[in-house]
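Chain by chain, the residues:
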Amino acid sequence: MRSPAGRVRAAITALALSALALTGCAGSDEPAEPSPQQSPTASSAPSAKQRTPAEGTTGTVTVTDDSVILGDPDAPERVHIYQDLNCPHCQVLHGLMAEDVANWAQGDSVAVEVTVVDYLGPRTTHAFSTRGANLLALVADVDPEAWPAVQDALLAMQPSSTTEEVTTEQLIEAARGAGAELDEDDVAAQEGLAYAQWVDAATAGAAAAGVNYIPQVWIDGELVGGESHDETLELVRQAVSD
């Protein structure tokens, strides 16, 4: 027999599935998922020697083989967020959850894992998803404690159209403005998308796990989502407090 908490989470999962059309990037007839048949644009084709972020914990940030964990990685509760930096719904949900995530990251009861995917990059000319995810991977590697602030900055500068130009200089300026210490070698790594393979692997892993739209929030293996982003936040709070 399911525990009361299990029944709550089962109900939350059912609600999340019904809410896709209202709270996910791309329409319900065309979920935001990888498009491997598309060729990369010139701005998103990797040219640098590929790198992998070093795994480990620095302060409240833990880098894994395909994600970043904010807070105690051994916390009893795990909130797992999948997001694409070019997804307006991801931007909204991120803003709503920001205070909770910051509080959880400073405690030891809830950890927040973030997987940044590149579902929308191939659908744009600026490839902001692709290049932004590469920048976050770079920051995770060279200055992990700055990762949350850079994530905030990139979501805040999300392009308003699929064709709006976003330069490498603008991306680097945003990261440095958020506190990331990036040298000229790091700028070259960003220009050449040195973490493209790592981003691709994280994206493929999310798709293989059934994440076919974004944002998605999972808690201890259960999908959590409401009919609005505000409701999703309340359901997440309820789930981690049970």
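Just above, that's the structure.
Residues numbered from 1 in each chain as written. Predicted model: local features only at pLDDT ≥ 70, side-chain atom pairs only at ≥ 80, totals over all residues. Heavy atoms only, no water.

Chemist: I tried to follow the nonpolar core on my own but got confused; where do I start?
Modeler: Among soluble globular proteins, nonpolar side chains are generally buried collectively. Counting residues in each nonpolar core, the largest one holds 49 residues, and the members touching the most others are V79, M97, W104, L135 and W147. Sort the elements by how many residues they give to this core and helix α4 (residues 128-142) lands first, with eight residues. In this view, V79 contacts M97, W104, V110, A111, V112, E113, V217, W218, I219, V236 and V240; residues no more than four positions away in its chain are not counted. Grouped together as the second largest cluster of nonpolar side chains are ten residues, C25, C87, Y119 and I214 included. (Core = buried A, V, L, I, M, F, W, Y, C linked by side-chain atoms within 4.5 Å. Buried < 20%, exposed > 50% of the residue type's maximum accessible area, 1.4 Å probe, protein only. Helix = DSSP H or I, 4+ residues; strand = E, 2+ residues; numbered from the N terminus. Contact = heavy atoms within 4.5 Å.)

Chemist: Sorry, what's going on with unusual backbone geometry here?
Modeler: Look at the link from I214 to P215: it is a cis peptide, with omega at 0°. Its identity is not glycine, yet L193 carries a phi of approximately 50°, on the positive side. Positive phi, close to 50°, is recorded for D220, a residue that is not glycine. Checked against the element boundaries, D220 lands in the loop between β6 (216-219) and β7 (222-224). Taking relative accessible area as the criterion, D220 reaches 39% and is therefore assigned partly exposed.

Chemist: Explain the pattern of salt bridges to me, please; I cannot follow it from the model alone.
Modeler: Side chains carrying opposite charge are able to pair once their charged atoms draw close together. Enumeration according to the criterion identifies four salt bridges in this entry. The residue D100 makes a salt bridge to R237 at a minimum N-O spacing of 2.9 Å. With a gap of 137 residues between them, D100 in helix α3 (residues 88-106) and R237 in helix α9 (residues 229-241) connect regions that are remote in the sequence. Residue classification places D100 among the buried positions, given a relative accessible area of 13%. When its relative accessible area of 31% is taken as the criterion, R237 is described as partly exposed. Residues R176 and E184 are paired through a salt bridge, measuring 3.5 Å at the closest nitrogen-oxygen approach. (Salt bridge = Lys/Arg side-chain N within 4 Å of Asp/Glu carboxyl O.)

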